[in-house]
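# Chain and residue survey
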Amino acid sequence: MGIGCMQGLIGIVTLTLHLSEFSQTNITAFQKILKKYDKHFRANVIFSSSAAAAAAEATVASEAAVASDPLSSTIVFDGTPQPATNGHSGRMFAHRGSVTAQGKEMWGLVTACKFARSEDDENLLFRARQLYRKRVPPLPPTDADALNQLHIVESDIPTVSNLDLDALPMGKISRLWVVLAKDGLSAPIKVPVIVAKGVRDGPVVGMTAALHGNELNGIPLIHRLFSQELQLSALHGTVVAVPVTNVPGYLSGVRTFNDGVDLNRLMPGKKNGSISQVYAYNLMERIVSKFNYLLDLHTASKGRVNSLYVRSNMVNEVTREMSRLQNPQIIVHNTSPDGSLRGAAMELGIPAITVEIGDPARFQKRFVKNALLGVTNILGHLKMVPDEHDLPEFDPVVCAKSVSMDGFA
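As a starting point, this report considers the structure included with it. (Residues numbered from 1 in each chain as written. Predicted model: local features only at pLDDT ≥ 70, side-chain atom pairs only at ≥ 80, totals over all residues. Heavy atoms only, no water.)

## Examining a negative patch on the surface
Under the convention used in this document: A residue counts toward a patch only above 30% relative accessible area and without a salt bridge, and it is joined to like-charged neighbours within 9 Å or, for Val, Leu, Ile, Met, Phe, Trp and Tyr, to nonpolar neighbours within 5 Å. In short, Shrake-Rupley with a 1.4 Å probe defines the accessible areas, and a residue's cover is counted only from the protein chains shown. Put simply, a salt bridge is a Lys or Arg side-chain nitrogen that is within 4 Å of an Asp or Glu carboxyl oxygen. By the counting rule applied here, Lys and Arg register as positive and Asp and Glu as negative, while His and the ends of each chain are not counted. The atom standing in for a charge is NZ when the residue is Lys, CZ when it is Arg, CG when it is Asp and CD when it is Glu. Comment: elements are numbered from the N terminus, with helices defined as DSSP H or I runs of at least four residues and strands as E runs of at least two.
A cluster of acidic residues, E229, D387, E388 and D390, forms a negative patch on the protein surface. You can see E388 is positioned in the loop between α13 (365–381) and β10 (397–399).

Structure follows, in structure tokens:
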């Protein structure tokens with residue numbers, strides 16, 4: 001049994017090393033596997049009458065298996081055998097009084113790998129930041145008179161209950177707060193909206209970002225588009241962007257709304273429902289319904305990593321062309337899931353695609369830059385901007401479904 005487990009672990013670690021350039025390994029997954037193994041092995045071997053002899057025999061056999069396996073040198077060592085001396089060593093069994101020799105050996109095999117050392121580096125950096133925050137000296141007390149001299153400047157960005165594009169000036173960028181719901185104290189919950197209205201008529205292209213509050217890469221994409229790419233004197237039509245669509249989730253750094261509900265499984269919401277249902281309903285009625293096209297910007301969910309890819313209905317001629325113009329690495333063809341923003345928009349006759357831009361809870365310049373290029377391609381195709389299309393270096397891979405590799409991505 002022990003040799004089979006060791007060989008299985010070697011296979012998993014080898015595959016993980018081969019995928020290290022394309023994935024983010026979770027060392028906790030290995031930790032759970034080996035805890036289960038150790039518990040089972042102890043129950044069946046350690047407390048038997050021949051426990052010591054069996055453990056010694058299993059250890060010798062596993063060492064022989066590792067030594068004879070040509071993959072073992074690839075696993076442990078990047079060319080040179082290394083002892084498992086990093087911060088993961090011993091962590092797994094710190095709460096246990098005793099442990100099998102083979103369990104220790106397997107854990108040492110995992111923690112000597114490159115991906116384990118990389119995670120240790122990240123953990124050390126995280127702890128260093130925590131320590132730095134604790135040791136930052138407090139600000140000196142402020143004189144009361146100085147506080148009285150401070151002037152709080154109220155924002156001049158108007159707050160409205162409905163997005164009225166006809167009321168906004170042409171040839172300018174307008175910024176608004178649109179109220180979508182009220183909290184328990186009747187304070188308005190509002191979303192930021194940026195509108196670039198061209199000098200000539202044309203379609204209305206809408207973009208939404210951070211519908212999941214911890215998916216951030218769409219936010220800098222929108223700001224770069226409005227600050228660097230759009231030339232209002234040459235813009236035909238209107239570009240509308242909601243840089244943070246799920247404001248409560250964004251402020252809390254979480255995926256869901258403040259009642260724990262996933263907004264992207266709640267559309268089109270309900271006029272008289274829970275706070276999240278009302279929020280979703282008003283998002284559709286007050287903002288999204290004004291669009292002719294929709295780009296919903298997302299990232300991977302927490303604990304996973306992504307490439308740049310698009311989810312769309314490739315049977316629909318318009319969304320198929322939008323997907324290819326985005327220049328993604330992958331296109332996942334599917335009808336949108338029930339309750340999704342993309343699906344609700346399509347039900348209103350608004351062609352919509354979902355653009356997945358890299359990883360959650362971080363800003364990734366490379367992904368943002370490439371996704372922005374795709375957005376300008378779509379605007380150019382719609383004759384809203386004069387830019388020519390930037391053709392991709394390779395055709396995207398089109399597939400019918402996607403599967404997340406938990407523990408590896």
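## Notes on unusual backbone geometry
With an omega dihedral of 5°, the bond running from M267 to P268 counts as a cis peptide bond. Looking at where P268 falls in the secondary structure, it is placed in the loop between α9 (247–252) and α10 (275–286). Backbone geometry places S186, a non-glycine residue, at a positive phi of 65°. Of note, the phi angle at N327 is positive, near 55°, even though the residue is not glycine.

## Points about the pattern of salt bridges
Threshold: Only protein chains enter the area calculation, which uses a 1.4 Å probe; residues under 20% of their type maximum are buried, those over 50% are exposed, and those in between are partly exposed.
The full count for this structure, using the stated rule, is 3 salt bridges. In this structure, R255 engages E215 in a salt bridge whose closest nitrogen and oxygen atoms are separated by 3.1 Å. Linking R255 in the loop between α9 and α10 with E215 in the loop between β4 (200–209) and α8 (218–229), this pair joins segments that are 40 residues apart in sequence. The class of R255 is partly exposed, set by a relative accessible area of 27%. Measuring nitrogen to oxygen at the nearest pair gives 3.6 Å for the salt bridge that ties D262 to R255.

## Here's the deal with α13
Operational definition: Under the convention used throughout, the expected extent of a helix is 1.5 Å for every residue step, that is, one less than its residue count.
An ideal rise of 1.5 Å per residue puts 24 Å on 17 residues; α13 measures up with 24 Å between its terminal C-alpha atoms. For α13, the complete set of buried residues consists of F367, V368, A371, L372, G374, V375, T376, N377, I378, L379 and G380. Immediately beyond the C-terminal end of α13, within one or two residues, lies K383, with a positive phi of roughly 65°.

## Focus on the side chain of D359
Convention followed: Any pair of residues with heavy atoms lying within 4.5 Å of one another is described as a contacting pair.
Locating D359 in the fold gives a position in the loop between β9 (352–357) and α13. Nearest to the buried, unbridged D359 among oppositely charged side chains is R362, at 4.0 Å. Those residues within four positions of D359 in sequence are excluded, and the remaining contacts are N217, T299, A300, R304, V305, N306 and Q364.

## As for the sheet that holds strand β2 (residues 172–182)
Short version of the rule: For two strands to be treated as a pair, DSSP must find at least two bridges joining them.
The mixed open sheet is built from 10 strands, whose spatial order is β1-β2-β3-β5-β4-β6-β9-β7-β8-β10. Each of the sheet's edge strands pairs with one partner strand only, and the pair in question is β1 (159–160) and β10. Here strand β7 (residues 308–312) pairs with β9 via 4 bridges, running antiparallel. Opposite V310, over in β9, you have V355 as the bridge partner.

## Considerations on the packing of aromatic side chains
In this description, an aromatic ring pair is defined by two values, namely the gap between the centres and the angle between the planes. Our working rule: Between the rings of Phe, Tyr and Trp (Trp by its six-membered ring), a pair exists once the centres lie within 6.5 Å; its type follows the angle of the planes, with under 30 degrees stacked, over 60 edge-to-face, and the other angles tilted. Two thresholds decide whether a charge sits over a ring: the Lys NZ or Arg CZ must be within 6 Å of the ring centre and within 35 degrees of the ring normal.
Following the criterion strictly, the structure yields 1 aromatic pair and no others. Ring centres 4.6 Å apart and planes at 50° place the aromatic pair F257 and Y279 in the tilted group. You can see F257 sitting in the loop between α9 and α10 and its partner Y279 sitting in helix α10, a full 22 residues away along the chain. Looking at F257, the relative accessible area reads 2%, which means it is buried. By relative accessible area, Y279 is classed as buried at 0%. Note that K190 overlies the ring of W177, its terminal NZ or CZ placed 5.3 Å from the centroid.

## Here's the deal with the side chain of Q326
What counts here: In the analysis that follows, any N or O atom pair within 3.5 Å is treated as a polar contact, provided that within protein one partner can donate a hydrogen and the other can accept it, and provided that, for residues neighboring in sequence, both atoms belong to side chains.
Topologically, Q326 is positioned in the loop between α11 (317–325) and β8 (330–333). A polar contact of 2.8 Å, which involves the side chain of Q326, links it to the backbone oxygen of A371. Contacts of Q326, omitting those with residues within four sequence positions, involve V310, V355, N370, A371, G374, V375 and I378.

## Things to note about the nonpolar core
Definition in use: Among buried residues, those of type Ala, Val, Leu, Ile, Met, Phe, Trp, Tyr and Cys that are joined through side-chain atoms within 4.5 Å constitute a nonpolar core.
Ranked by internal contacts, the top residues of the largest apolar core, which has 37 residues, are V191, V193, M267, Y279 and I287. Within the residue set of this core, elements represented by two or more residues are β2, β3 (188–197), β5 (236–242), α10 and α12 (341–347). With near-sequence residues (within four places) excluded, I287 lies in contact with L163, V178, L180, V191, V193, V242 and N282. Within the second largest apolar cluster, 33 residues are counted, among which are L221, I222, L308 and I357.

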